[in-house]
Amino acid sequence: MDIGIVGLPNVGKSTLFNALTKMSAAAENYPFCTIDPNIGVVPVEDPRLQRLAEIVHPKLITPTAIRFVDIAGLVAGAHKGEGLGNKFLSHIREVDAILHVLRCFEDTQVVHVSADVDPVRDAETIETELILADLATVAKRLDTIAKKSKTTNPELKPETDLLERLQRYLSDGKLANRFETASREEAEAVDGLRLLTSKPMIYAANLKEGNLKNAEAHLAALRRAADFKGYGLLPIAARFEHELNALEDADRRMFMTEAGIESGGLPRLVSACYSLLKLVTFFTAGEKEARAWTVREGTAAPKAAGKIHTDIEKGFVRAEICGYEELDTLGSYAKVREAGKMRIEGRDYVIRDGDVCYFRFTP
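What counts, and where the lines are drawn
- Residues numbered from 1 in each chain as written.
- Predicted model: local features only at pLDDT ≥ 70, side-chain atom pairs only at ≥ 80, totals over all residues.
- Heavy atoms only, no water.
- Helix = DSSP H or I, 4+ residues; strand = E, 2+ residues; numbered from the N terminus.
- Buried < 20%, exposed > 50% of the residue type's maximum accessible area, 1.4 Å probe, protein only.
- Contact = heavy atoms within 4.5 Å.
- Pairing = 2+ DSSP bridges.
- Axes fitted to C-alpha atoms, helices over the stretch in contact; angles between N-to-C directions.
- pLDDT = per-residue confidence, 0-100.
- Core = buried A, V, L, I, M, F, W, Y, C linked by side-chain atoms within 4.5 Å.
- Arc of directions from axis to C-beta.

1. A look at the overall build of the protein
Right, so step 1: Per the secondary structure count, the protein includes 14 helices and 12 strands.
Right, so step 2: Of all 363 residues assigned to the protein, the portion counted as buried reaches 46%.
Right, so step 3: Long-range contacts, defined as pairs at least 24 residues apart, comprise 67% of the intrachain contacts of the protein with a sequence gap of at least 6.

Structural data, given as structure tokens:
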């Protein structure tokens, strides 16, 4: 899962990236200190994986992971190339979801591209650029179809009608994630455009530790905007999280206990991403390796098997599956089988969160 961190310059993107990944990307008090995207891969902690390892004693334990991409700050006019905007927008196109960092704190020592702090306005600035970039994508496809239809392919008219309807929708300042399609074919055609505003988004409301009361109005306004647009919202203090993660593990746990903090920002972000993207985790666990895998809700068993290797998907025969809870309670595969809890599932089975799977296939 790739998550792109975006926002205006100097809102705390790189600071949040450093907090989440425990890296040291440049985070300076001036615009465009990030040009090429910083990339950090973060393992997703899952206590279920550790419990499976206790049961099967594997040689290797491999958690699933999130890849964070710290993308340089966007500005008004990005779709026309302002502030290297075209380059930065292309980076956004490659990610699965967008983490939009919005400044919700006052600080005269930190330069803001506008005269005052207004996260809702800032969100609309970025989203306008994404919409304009999407309009350019739609226009380019319409132009391609127009050239083809004049020569050999009048059957492209249904796609033309769809794109013109989408073009009008985006021109009204609306986001593609709420665009309604009339059929699966239309939905697939829109998905194929890889529109920026169709990507799931989480607003990361960047707060300043010790000044939370002053951010209440900003948070309330952002929450209304996120709900209206179908986005998630995650309040987080990026600089505090970064300082917290700089501590040794024992010191960090002690500080969090004393401060009454149950968890850092990453677990909350992971939970928000899984919910927004409708992701589930399944496991494979044997002597060689215990591993967590992430797929979208509704993924059929062969497609899930393809996450492990494409040959398994192509030669899929069946899946032997038990639930994590059953294996946790009974303590071994043998006892799961004795209890009649090991299921044989075919090609139409949809993977559930917590499934422990063994895929049978023909090479």
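2. As for the sheet that holds strand S2 (residues 38-43)
Right, so step 1: Strand order in the open sheet formed by 6 strands is S2-S4-S1-S5-S6-S7, with mixed pairing between adjacent strands. In the strand order of this sheet, the two ends are held by S2 and strand S7 (232-236), each with one partner. Strand-to-strand twist in this sheet, taken as the mean axis angle between neighbours without regard to direction, amounts to 25 degrees.
Right, so step 2: As defined by bridge partners, strand S6 (residues 201-206) adjoins S7 across 5 bridges and the pair is classed as parallel. Residue Tyr203 lies in a different strand from S7, and its bridge partner there is Leu233.

3. Remarks on the confidence of the model for the protein
Right, so step 1: When the pLDDT values of the protein are averaged, the result is 85; 85% of them are 70 or greater.
Right, so step 2: Counted against residues more than four places away or in other chains, residues 25-35, with its pLDDT under 50, gives 33 contacts.
Right, so step 3: Here residues 81-85 is a poorly scored stretch, pLDDT under 50, and it has 10 contacts once near neighbours within four places are set aside; other chains count.

4. So, the nonpolar core
Right, so step 1: Of all hydrophobic cores here, the largest spans 66 residues; its most connected members are Phe68, Leu99 and Tyr203.
Right, so step 2: Top contributing element to this core by residue count: helix H4 (residues 119-149), with 9 residues.
Right, so step 3: Residues contacting Phe68, with those up to four places away along its chain left out, are Ile3, Ile5, Phe17, Leu20, Thr21, Asn38, Ile39, Gly40, Val42, Leu266 and Leu269.
Right, so step 4: Listed in part, the 15 residues of the second largest apolar core include Val280, Trp293, Ala304 and Ala305.

5. Points about helix H8 (residues 238-245)
Right, so step 1: Taken residue by residue, H8 has Ala238, Phe240, Glu241 and Leu244 as its buried positions. All buried residues of H8 project into a common sector of 165 degrees when viewed along the axis, lining one side.

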